[in-house]
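Residue-level listing of the chains:
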Amino acid sequence: MSMTIAEKIFAKASGKKEVEAGDVVMANIDVAMTHDLTGPLSVEAFEKIGVPKVWDPEKIVILFDHQVPADSLDAVTNHMIMRKFVKEQGITNFYDVREGVCHQVLPEKGHVVPGEIVVGTDSHTCTHGALGAFSTGIGSTDMSMVFATGKLWFKVPETIQFNIEGTLPDYTYAKDVILNIIGQIGADGATYKACEFAGETTQNMSVSDRMVMCNMAIEMGGKTGLVEPDQKTVNYLKNRTTKSYDIIKGDKDAASLEIMDIDVNDLEPQIACPHNVDNVHGISDVEGTPIDQVFLGSCTNGRIQDLRDAANILKGNKVSDSIRMLVIPASREVYTKALNEGLMNIFVDSGALVCNPCCGPCLGGHVGLIGPGEVSLSTSNRNFKGRQGSSEGEVYLSSAAVAAASAITGKIEDPRNL
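**Side note on the sheet that holds strand S9 (residues 194-198)**
Step number 1: Reading across the sheet, the 4 strands line up as S10-S9-S8-S11 and stay open at both edges, with parallel pairing between neighbours. The two strands at the open ends of the sheet, each matched to only one other strand, are strand S10 (224-227) and strand S11 (257-263). Sheet twist, expressed as the mean angle between neighbouring strand axes with direction ignored, is 25 degrees.
Step number 2: Where S9 meets S10, 4 bridges bridge the pair, whose relative direction is parallel. Each residue of the ladder has a partner; that of Cys195, found in S10, is Gly225.
Step number 3: Its contacts with the sheet place helix H8 (residues 207-215) against strand S8 (159-165), S9 and S10, and it is angled at close to 150 degrees to S10.

Structure, rendered in structure tokens:
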């Protein structure tokens, strides 16, 4: 029986020879992740079950990234709850306030490899599909059951494969590709489907760029994002992990496989406009829109290449006096690389504010919020009302290059103009 990557992973995880889309299976979990914001609810639910110990303390990863350093008494309490849980349960993979955003830290530290089932109490856990794992967000109650049993029920999803072909024009990136796809199929166009990214353009992308695409699969309703593992995947994992893994490839004739062709040869920079991620326009439609803040960072575009792209544009220029710009690296590893390359000097000299690795304003609950009537241009993944502060504010989404160019002019700017 021909199967997609997702079907093959679920067959393996459930001990079956084959499965097909629509089957309900009990799958063994390889990695379970939770963080400071959702973790306390999972711990509370787990304790109500009455199981004294988690199923495998070495397969659980706990990180602090959403509110670090703690910015309120509630945040402090959450941190204390999770530190106590880590100590009591003997959880070895614990990253306190120092490391950065969960979806960047997990692959950096080698916790994710191809062919695994990875779950996390965060909707953007689908990011890790860039390494060929089936990775998805779950609720805190579901996570409590994973803590107790190491298993979870799933309905095997259908797969929509985005066959991306062509050469990206200058100043157009993976972020523009995924925004364009979401704009085409809508916020619910891939509901509960495995969103598989394929084609020549995807093959030419770095693992970092593939993570951008998979990260935003949830924004079109996807259950996960997926990229078939290749030599770039293997090279990325080298020296990062001691895990053994299988390279799982899908069958072209799988019954549940739907293919959508995407041509990027003429793609211009894309902007998601308020207040929905699928409200996507080419930058030529919205350039000149005044902004109040630029946020460069998040689990979508806070990686080293994003900082390099932005620094190349900001070097020798100044952030407009009419706005503020926040630069928040996705992890300590990224922060260190940026320091060593001199990128932080460029940001500071330009007038940007450089913050510690964390989620920052992305969740609307930490540093850098916007007020009523203010406009944010962000490299993150969501622009719903109130996402970055006031429900009367507006959030636009873009690539790092557009963010940097716009910081200079104080309005949404096409980087090709500079």
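**Concerning helix H2 (residues 39-49)**
Step number 1: For H2, the set of buried residues is Gly39, Pro40, Ser42, Val43, Ala45 and Phe46.
Step number 2: Just beyond H2, the residue with positive phi is Gly50, at close to 95 degrees.

**Quick look at the environment of Ile247**
Step number 1: Along the chain, Ile247 turns up in the loop between helix H9 (231-237) and S11.
Step number 2: Distance in space between the C-alpha atoms of Ile247 and His124 is 23 Å, their sequence separation being 123 residues.

**Let's talk about the nonpolar core**
Step number 1: Within the largest apolar cluster, 50 residues are counted, with the highest numbers of intra-cluster contacts made by Phe162, Ile164, Phe197 and Met220.
Step number 2: Examining the composition of this core, we find that 7 residues originate from one element, helix H6 (residues 174-185), more than from any other.
Step number 3: Setting aside residues no more than four positions away along its own chain, Phe197 makes contact with Phe162, Ile164, Ile178, Ile181, Thr202, Met213, Cys214, Met220, Gly225, Leu226 and Val227.
Step number 4: Grouped together as the second largest cluster of nonpolar side chains are 42 residues, Ala11, Ile29, Leu326 and Cys358 included.

**Section: the packing of H2 against helix H3 (residues 73-89)**
Step number 1: Interhelical geometry of H2 versus H3 gives an angle of 50 degrees and a closest axis separation of 9 Å. It follows that H2 is oblique to H3 by the angle criterion. Handedness of the crossing formed by H2 with H3: left-handed. Within the contact between the two elements, H2 uses Gly39, Pro40, Val43 and Phe46 and H3 uses Asn78, Ile81, Met82, Phe85 and Gln89.
Step number 2: Residues that form the contact of H2 with H3 fall into these classes: 6 nonpolar, 3 polar and no charged.

The rules behind each value
Residues numbered from 1 in each chain as written. Predicted model: local features only at pLDDT ≥ 70, side-chain atom pairs only at ≥ 80, totals over all residues. Heavy atoms only, no water. Pairing = 2+ DSSP bridges. Helix = DSSP H or I, 4+ residues; strand = E, 2+ residues; numbered from the N terminus. Axes fitted to C-alpha atoms, helices over the stretch in contact; angles between N-to-C directions. Contact = heavy atoms within 4.5 Å. Buried < 20%, exposed > 50% of the residue type's maximum accessible area, 1.4 Å probe, protein only. Core = buried A, V, L, I, M, F, W, Y, C linked by side-chain atoms within 4.5 Å. Parallel < 35°, antiparallel > 145°, perpendicular 65-115°, else oblique. Left-handed = near helix turned anticlockwise from the far one by under 90°. Nonpolar A, V, L, I, M, F, W, Y, C, P; charged D, E, K, R; others polar.

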